[in-house]
Amino acid sequence: MRVFIIDDYLDFACPLKDNFAFKGHTADYCIDSNNAVQAALKFRPDWVVIDFRMPYKNGVEVFKELQEKADFEFSAIFYSLYLQDPVVMEEINKLGVADEAMVAKTTDLDRDVTEKIIPVLEAGYLKGGKDHANR
C-alpha cells in the first residue's frame, strides 16, 4: 500500500514512514499542513495517517480538503496525542468520524503501526476521495 503521513513532528513522521516501509509499504510524509493536501494528491496514497493538532490547518481541515480534491479513494486515520482534548474531539465528532478511526499516539511506534494503525486502515472506518459515500 501507499501510505501518506501528515504530521508536523518529524520525530513521529519519519519513524512512521520507516515502520511502514519495513512492513513492505511505500510511505512518505509531509510536516507542513499548508502543503499536505497538494503533496498527498501528487503521492496518491491508499492510506492516509493524519495528526490532528498542527500549525496552520488542523487534521480535520486537511482531511476535508483532501477528501474534496482527491480523484482517488483512500482510507484515513487520525493519529494524535490530543484525542482526550474536548476541543479536538468536538471537531472530529462534527466530521462524523467513527471512534475506531482515531488512534492515540504512544512512544511505541512499531506497535502502533502493526497493532493499531494498519488494522484500522485495512478496515476502512474513514474513507475519502473520488465517488466515496462519505463525501
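Scroll up to find the structure this text is about.
Cut-off values and rules
Residues numbered from 1 in each chain as written. Predicted model: local features only at pLDDT ≥ 70, side-chain atom pairs only at ≥ 80, totals over all residues. Heavy atoms only, no water. Buried < 20%, exposed > 50% of the residue type's maximum accessible area, 1.4 Å probe, protein only. Helix = DSSP H or I, 4+ residues; strand = E, 2+ residues; numbered from the N terminus. Arc of directions from axis to C-beta. Contact = heavy atoms within 4.5 Å. Polar contact = N/O pair within 3.5 Å; in protein donor to acceptor, adjacent residues only side chain to side chain. Pairing = 2+ DSSP bridges. Right-handed = clockwise from strand over helix to strand, strands pointing away. Core = buried A, V, L, I, M, F, W, Y, C linked by side-chain atoms within 4.5 Å. Phe/Tyr/Trp six-rings, centres within 6.5 Å; stacked < 30°, edge-to-face > 60°.

Caption draft 1: Broad picture of helix H2 (residues 36-43). Listed in full, the buried residues belonging to H2 are Ala36, Val37, Ala40, Leu41 and Phe43. The buried residues of H2 occupy one face: seen down the axis, they fall within an arc of 165°. The exposed residues of H2 that point more than 90 degrees off its buried face are Gln38 and Lys42. The inward-facing, buried residues of H2 abut strand S1 (2-6), strand S2 (26-30) and helix H3 (59-69). Arg44 lies just past H2 and shows a positive phi near 60°.

Caption draft 2: Up close: helix H4 (residues 86-95). Within the span of H4, buried status applies to Val88, Met89 and Ile92. Buried residues of H4 fall within an arc of 95° about the axis and therefore sit on the same side. Exposed side chains of H4 directed beyond 90 degrees from the buried face belong to Pro86, Val87 and Lys94. Buried residues in H4 make contact with H3, strand S4 (73-80) and strand S5 (102-104). The residue sitting at the N-terminus of H4 and contributing the capping side-chain oxygen is Asp85; that oxygen lies 2.8 Å from the backbone nitrogen of Val87.

Caption draft 3: Geometry of the pairing of strand S3 (residues 47-50). The two faces of S3 match: Trp47 and Val49 on one face and Val48 and Ile50 on the other face are all buried. Where S1 and S3 come together, four bridges link them in parallel fashion. Paired with Phe4 across the strands is Val48, a residue of S3. Looking at chain direction, S3 and S4 are connected through four bridges and run parallel. Of the residues in S4, the one forming a bridge with Ile50 is Phe78. Each parallel crossover has a hand, and for S3 linked through H3 to S4 it is right-handed.

Caption draft 4: Molecular detail of the side chain of Asp112. As for its placement among the helices and strands, Asp112 is situated in helix H5 (residues 109-123). Residue Asp112 is classed as buried on the basis of its relative accessible area, which comes to 1%.

Caption draft 5: Structural context of the pairing of S2. The pairing of S1 with S2 spans five bridges and is parallel. Bridge pairing in S2 places Val3 opposite Ala27. Note that the unit made of S1, helix H1 (residues 10-22) and S2 has a crossover that is right-handed.

Caption draft 6: Region of interest: the nonpolar core. Counting 29 residues, the largest nonpolar core has Ile6, Leu66, Phe74, Phe78 and Ile92 as its most contacted members. Of all elements in the fold, only S1, H2, S3, H3, S4 and H4 reach the threshold of two or more residues within this core. A total of five residues in this core trace back to one element, the largest contributor, which is H2. Excluding its chain neighbours within four sequence positions, the residues that come into contact with Leu66 are Val37, Ala40, Leu41, Val48 and Phe74.

Caption draft 7: Expanded view of the packing of aromatic side chains. According to the stated counting rule, one finds four aromatic pairs in the structure shown. Ring geometry for Phe63 and Phe74: centres 6.0 Å apart, planes at 75°, overall edge-to-face. Taken together, the residues span a long stretch of sequence, with Phe63 in helix H3 and Phe74 in strand S4 at a distance of 11 residues. As far as burial versus exposure is concerned, Phe63 and Phe74 are alike and both buried. Three or more aromatic residues joined by ring pairs form one cluster here, namely Phe63, Phe72, Phe74 and Phe78.

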